[in-house]
Amino acid sequence: MTASTATAAQAIHGEVSANEFHRRSVAALHAAEVPFLIGGAYMVEVCGGVSRSTKDFDLYVRPNHVKAALRALARAGYKIAMTFPHWLAKATYEGDIVDLIFRAGNGLCEVDDSWFDRARDDKLLGVPVKLCAPEEMIWMKAYIMERERFDGADIAHILQSCAEKLDWPHLVHRFGPDWRILLSHLVLFGYIYPGERDKIPAAIMDDLIARLRIEKGTAGADRICRGTLLSRKQYLLDIRKRGFRDARLQQRVHMNAKDIAHWTRAIAKEEKARDKPA
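The structure displayed is predicted, hence computed values, not measured ones.

Engineer: Could you clarify how one ought to interpret the environment of R223 in this entry?
Structural biologist: Considering the arrangement of structural elements, one finds R223 in the loop between α9 (202–215) and β8 (224–225). Sequence separation between R223 and R245 is 22 residues; the distance between their C-alpha atoms is 6.3 Å. When near neighbours in sequence (up to four residues on either side) are disregarded, R223 contacts R242, G243, F244 and R245. At 2.8 Å, the side chain of R223 and the backbone oxygen of R242 are in polar contact.

Engineer: Would you explain helix α11 (residues 257–275) in this entry?
Structural biologist: Helical geometry: 3.6 residues make up each α-helical turn, so side chains three or four residues apart lie on a common side. Taking 1.5 Å as the rise per residue, α11 with 19 residues should run 27 Å; its terminal C-alpha atoms sit 28 Å apart, in good agreement. Roughly 25 degrees is the biggest bend found in α11, and it falls at I267. Against β3 (79–84), α10 (236–240) and β9 (245–246) lie the buried residues of α11. Between the side-chain oxygen of the N-cap and the backbone nitrogen of K258 there are 3.0 Å, and the N-cap of α11 in question is N256.

Engineer: What is the right way to look at the pairing of β3 in this model?
Structural biologist: Looking down a regular strand, the side chains alternate between one sheet face and the other. In the sheet, β3 pairs with strand β4 (residues 88–93) via 4 bridges, with the strands oriented antiparallel. If you follow I80 over to β4, its bridge partner there is A91. What sits between the antiparallel neighbours β3 and β4 is a turn of 3 residues.

Engineer: What am I meant to see in helix α3 (residues 66–75) here?
Structural biologist: Taken as a whole, α3 has its buried residues at V66, A69, L70, A72 and L73. Relative to the axis of α3, the buried residues are bounded by an arc of 160 degrees and lie together on one face. Seen from the buried face of α3, the exposed residues on the opposite side, beyond 90 degrees, are K67 and R75. Taken from the residues just after α3, G77 is the one with a positive phi, measuring 100 degrees.

Engineer: Help me understand the confidence of the model for the protein in this model?
Structural biologist: Caution applies to low-pLDDT parts of the model: their predicted coordinates are not meant to be read in detail. Averaged over every residue, the pLDDT of the protein is 91; the share at 70 or more is 92%. Segment residues 1–14: pLDDT under 50, and 1 contact once partners within four positions in sequence are set aside and those in other chains are kept.

Cut-offs used in this document
- Residues numbered from 1 in each chain as written.
- Predicted model: local features only at pLDDT ≥ 70, side-chain atom pairs only at ≥ 80, totals over all residues.
- Heavy atoms only, no water.
- Helix = DSSP H or I, 4+ residues; strand = E, 2+ residues; numbered from the N terminus.
- Contact = heavy atoms within 4.5 Å.
- Polar contact = N/O pair within 3.5 Å; in protein donor to acceptor, adjacent residues only side chain to side chain.
- Expected span 1.5 Å × (residues − 1).
- Bend = angle between axes of the 7 residues up to and from the residue.
- Pairing = 2+ DSSP bridges.
- Buried < 20%, exposed > 50% of the residue type's maximum accessible area, 1.4 Å probe, protein only.
- Arc of directions from axis to C-beta.
- pLDDT = per-residue confidence, 0-100.

Quick look at the structure:
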């Protein structure tokens, strides 16, 4: 067998193995009647046309269904863990990982009934499933601005492929007081694809820019840092040494001091895992 043939064989074996894992995971949740949505890399490929290899299989569930999902996967032979109680559980089977996501890591973007109301029907390996709506994926991905990960390209690709089909009022509503984050991604989209700027409704841009003009020159009443909603590490300096309040402790955010400490302690562990030689 030549080197190229061996590589191709390994790729085929890997694809078959991934397919079996995905089918097993979906079947376990179906059997337990746990509602779930498929998102992450699979959804970006379907809606944005971008394919990438990943060991994690992202499934989205309501917070009150997380324990039932974990029990179902445990019965199917998975090792389970409530990795971060404020947003993420994991189930592992022979090295492959299911991420059970019920919020964003910053404690926002909770998976609620609207996620399921707006989901689209699809089939995964012949099994009926539902995919996250692009509006919800944009909303959740928009906050991911870590030093080692920025999901802006995923958002740009989803917009490039699906902008005309989006429910724009719903998307703007989802961001609520964080509308500046949405505006920043729309401005970037116009820079990335200058010939596609008309895909973003003029009324949406006009509305967001009008809000910006109204806010111009007005300082907020509180000395607060919202950077921690975008990156769990890069703005810790502002909280620890510069006297800013942590936006993650606001009432609208599903995090408390214990969650923040747990989420922060994991930074070093995950950095060490990334730096470990393959």
